[in-house]
Amino acid sequence: MATTKLLTDAEVEKIPAVKAVFDDIRATRKSDFVNNFWRGLANDPVSLKRVWEQLKTVMVADSAIDPLAKEMIYIAVSVANGCSYCVHSHTAAARAKGMTDAQHGELVSIIGLAGQTNHLVTAMQIPVDPQFEVK
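Residues numbered from 1 in each chain as written. Predicted model: local features only at pLDDT ≥ 70, side-chain atom pairs only at ≥ 80, totals over all residues. Heavy atoms only, no water.

Under an unreviewed UniProt entry, the protein chain has the name Carboxymuconolactone decarboxylase family protein and belongs to Mesorhizobium montanum.

As structure tokens, this is what we get:
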């Protein structure tokens, strides 16, 4: 259960700043669907606009990293942060961008291995090799 109200489309229509962001979400995604994250964040129109603009800048704009790779990175970080909602949302987005079952299986293996080795290095407090440091 959400700890904040999820605004309905009828409620959004009454708040011009929120409606503008929702309209942009729909236009950018070419879909009428606005997911619950944005509906919850809509309780704070300033944060809603700020986070949506950040998301467009990082996840939507052309960049050196392709859209599928961005979604897969987002999944890995969401797993590390324990955000089930984000894991589900970005897995759906990655699948929509062409992620195959084989790619998802490899991604899960990489996430699991990275988590394991990160914990081992942290537990043993292994110093960073000088060759890995930026010079």
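Picking up where we left off.
(A) Summary view of the overall build of the protein chain. For the protein chain, the count of helices and strands is seven helices and zero strands. In sequence order, the protein chain lays out its α and β elements as α-α-α-α-α-α-α. C-alpha extents for the protein chain along the principal axes are approximately 55 × 35 × 30 Å. A buried classification covers 24% of the 135 residues belonging to the protein chain. Relative to all contacts within the protein chain whose residues are 6 or more apart in sequence, the contacts with residues 24 or more apart total 49%. Only carbon and sulfur atoms are counted for the fraction: they give 63% of the accessible area of the protein chain, which is about 9,300 Å². (Helix = DSSP H or I, 4+ residues; strand = E, 2+ residues; numbered from the N terminus. Buried < 20%, exposed > 50% of the residue type's maximum accessible area, 1.4 Å probe, protein only. Contact = heavy atoms within 4.5 Å. Areas by Shrake-Rupley, 256 points an atom, 1.4 Å probe, with all protein chains shown as cover.)

(B) Focus on the UniProt feature "domain: Carboxymuconolactone decarboxylase-like" (unreviewed entry) in the protein chain. Sites flagged by UniProt as "domain: Carboxymuconolactone decarboxylase-like" (unreviewed entry) map to residues 49-126. With 82% helix and 0% strand, residues 49-126 has its two end C-alpha atoms placed 42 Å apart. (UniProt positions renumbered as here; feature names shortened; annotations may be inferred.)

(C) Spatial organisation of the environment of Leu-41. Looking at the element boundaries, Leu-41 is found in helix α3 (residues 36-41). Along the backbone, Leu-41 and Asp-23 are 18 residues apart, and their C-alpha atoms lie at a distance of 15 Å.

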